[in-house]
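Examining the three-dimensional arrangement
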Amino acid sequence: MASASSSLLSEEQFLCSICLDVFTDPITTPCGHNYCNICITDYWNSSDVCQCPLCNKTFCNRPEFSVNKVLSEMADQFRKSKQQRQTSSTNPEPAESDEVSCDVCTETKPKALKSCLVCLTSYCDAHLEPHLRLAGLKRHKLIDPVKNLEDILCKKHDRPLELFCETDHMCVCQFCTESDHKFHRIVSLKEAYEGKKAELGKTEAEFQKMIQERQVKIQEVRHSVELSRKDADRETANSVHVFTALISCIERSQAELIDVIEEKQKTTEKQAEGFIKELQQEITELEKRSSELKQLSHTEDHLHQSFTFINTPPPTKDWTKVNVHQSSYAGTVKTAVAQLEKTLSQEMEKNLHDAELRRIQQYEVDVTLDPDTAYPNLILSEDGKQVSHGNIKKNVPDNPERFSSRANVLGKQSFSSGRFYNEVQVGGKIAWDVGVARESINRKGSITLTPNDGYWTIWLRNGNEYKALAAPSFLLPVREKVQKVGVFVDYEEGLVSFYDVEARVHLYSFTGCTFTEKLYPYFSPCFNNNSKNSAPLIISPVNHTD
């Protein structure tokens, strides 16, 4: 009967609200609540008053108890039934080494689902159930499972660290707020967490920004290394080209010197062979005459012997002053070395300029002429690559950008950093200007082409007078007529350089310039001078020779 009754009752009716376990020797207080005998006794022994833990009813005198036999039997039956159910059910899997295990289970330690900050105990699914059902336990603070719950206890008061002191930036318990942190700003851990979470989010965003900046910097460094590698490869190729040319020059000079020495030796040998041949001829004649004399000395014909004048020697050369000229090669070698030094110097200068031009040609930019800046008499091609001077003044707006007194025109493209290079064909002309100009130059009235006025240019006048328009102007020592001019600008270095592209020769450089404005390519075909100077200036693509 008891067993049947117990199966109809809930587990809550057989649990002591103090120990949270099935009743052992249950008693009933005068207010009608049931407790384990030892639980209520210990509870009142630790208190100054006798008060029911559930309804808080106070008793003036401690009641005398006797065990509730019926409830005790029912509790025993329920305990046995519960043990049977637990035995028959599948044993829970033990917690992994890195998981929090249940503190109540004694044999197999299953994984804990929650930890209680009031009980300071971690519970598995089975032992957590009372906290989810009983009114008194529902008020307990449950958190995700935590190992070493003692670490979240106040060391001083042995209470959970549920609050946060913003004054001292530390976690505290309720008792701490009434003592050491009494007048400090105290907030809940949740509020402190939300605040810290927001700060962490902001800090994380800053970290992400710093990471991105550094990733961008890494790309910049890698790009710089790549550019440096390309420059190194290009300079290596140029150096190989220069030194190969110098080595070829040395080998050619050496071969020529050896040819000269061998030719001199051949001349000496030929002269010696002629002397030897002539001497041998005289020896042969003298031996012949000697033989005849011997024969006469043995004849008995005195008459014949008296009229024969064979004792007269044949005609011969006086060899005492004849010597083979021994060539001196010291002068030959010295002359050859001196000539080699001169040739090497010229060759080296030529190849260095060639290598330099190859390098700066890598900074080629596409330049087209700006018709809004062109002098009214100038004729521009449709593609904006050619300009010449015409006899007819066109009806164009006199806008501020247009040149009104000189046959000038600027490129459309402007540059305010880095390096840039372009080439202009100037062949067939007797006058022209080429260079760069800053944005704020004077374009009306009298114009002076000097760096102080914003122009960095060179020009040709009278067909053979080349000048760099510095202050003062500088006459350029050009050997051959320039056909194509290369213009290179390094904005940061303050450098404007000009090259004779066909001859691979450096013409002139403006150095130490200070650029603070945009720079524009500058061109002037000059006046056509009755068709004597009618050929156009042509912006041409760079021919990247190997």
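Residues numbered from 1 in each chain as written. Predicted model: local features only at pLDDT ≥ 70, side-chain atom pairs only at ≥ 80, totals over all residues. Heavy atoms only, no water.

Turning next to the overall build of the chain. When its secondary structure is counted, the chain shows 8 helices and 23 strands. The C-alpha atoms of the chain give 58 Å as radius of gyration, which overshoots the globular expectation for 546 residues (24 Å, by more than 25%). Across its three principal directions, the C-alpha atoms of the chain cover 195 × 100 × 45 Å. Each of the 546 residues in the chain was classed as buried or not, and the buried ones make up 32%. When contacts within the chain are restricted to residue pairs at least 6 apart in sequence, those whose partners lie at least 24 apart make up 57%. Accessible area of the chain: about 34,600 Å², with a carbon and sulfur share of 52%. Here the chain contributes 65 positively and 78 negatively charged side chains, and the mean placements of these two sets differ by 5 Å. (Helix = DSSP H or I, 4+ residues; strand = E, 2+ residues; numbered from the N terminus. Rg over C-alpha atoms; globule rule 2.2 N^0.38 Å. Buried < 20%, exposed > 50% of the residue type's maximum accessible area, 1.4 Å probe, protein only. Contact = heavy atoms within 4.5 Å. Areas by Shrake-Rupley, 256 points an atom, 1.4 Å probe, with all protein chains shown as cover. Lys, Arg positive; Asp, Glu negative; His and termini not counted. Charge placed at Lys NZ, Arg CZ, Asp CG, Glu CD.)

Time to look at the nonpolar core. Within soluble globular proteins, side chains that are nonpolar tend to cluster in buried spots. Ranked by internal contacts, the top residues of the largest apolar core, which has 38 residues, are W432 and V485. Look past the residues within four positions of W432 in its chain and what remains in contact with it is V426, I458, W459, L460, R461, Y466, V485, S524, C526 and L537. Listed in part, the 18 residues of the second largest apolar core include Y35, I40, C50 and M74. (Core = buried A, V, L, I, M, F, W, Y, C linked by side-chain atoms within 4.5 Å.)

This paragraph deals with the sheet that holds strand β12 (residues 386-389). Strands sit in the order β11-β12-β23-β14-β19-β20-β21 across an open sheet of 7 strands; the sheet is antiparallel. A single partner strand is all that each edge strand has here, and the edge strands are β11 (378-380) and β21 (505-510). Across the sheet, the mean angle separating the axes of adjacent strands is 20° when strand polarity is ignored. Pairing between strand β14 (residues 419-425) and strand β19 (residues 484-490): 7 bridges, direction antiparallel. Following the sheet pairing, V424 is matched in β19 by V485. (Pairing = 2+ DSSP bridges. Axes fitted to C-alpha atoms, helices over the stretch in contact; angles between N-to-C directions.)

In this section: a nonpolar patch on the surface. Together, F207, M210 and I211 make up a nonpolar patch on the protein surface, roughly 270 Å² of accessible area in all. Position of I211 relative to the elements: it lies in helix α6 (residues 189-297). Its relative accessible area of 39% is what places I211 among the partly exposed residues. (Patch = residues over 30% accessible without salt bridge, like charges linked within 9 Å, V, L, I, M, F, W, Y side chains within 5 Å. Salt bridge = Lys/Arg side-chain N within 4 Å of Asp/Glu carboxyl O.)

What follows concerns the side chain of K484. Counting through the fold element by element, K484 comes out in strand β19. Excluding residues that lie within four positions of it along the chain, K484 makes contacts with E423, V424, Q425, V426, Y499, D500, V501, E502 and S540.

On to the sheet that holds strand β9 (residues 170-172), then. Judged by pairing direction, the sheet is antiparallel, and its 3 strands sit side by side in the order β9-β8-β10 without closing on themselves. Pairing within the sheet leaves two strands with one partner each, and these edge strands are β9 and β10 (186-188). The average undirected angle you get between the axes of adjacent strands in this sheet is 40°. Here strand β8 (residues 163-165) pairs with β9 via 3 bridges, running antiparallel. Along β9, the bridge assignment pairs C165 with M170. On the sheet, α6 packs against β8, β9 and β10 and is oriented at approximately 90° with respect to β10.

Structurally, V146 can be placed in the loop between β7 (142-143) and β8. For V146, a relative accessible area of 26% gives the class partly exposed. In sequence terms V146 and T121 are 25 residues apart; their C-alpha atoms lie 9.3 Å from each other. In contact with V146, other than residues within four places in its own chain, are V100, S115 and S122.

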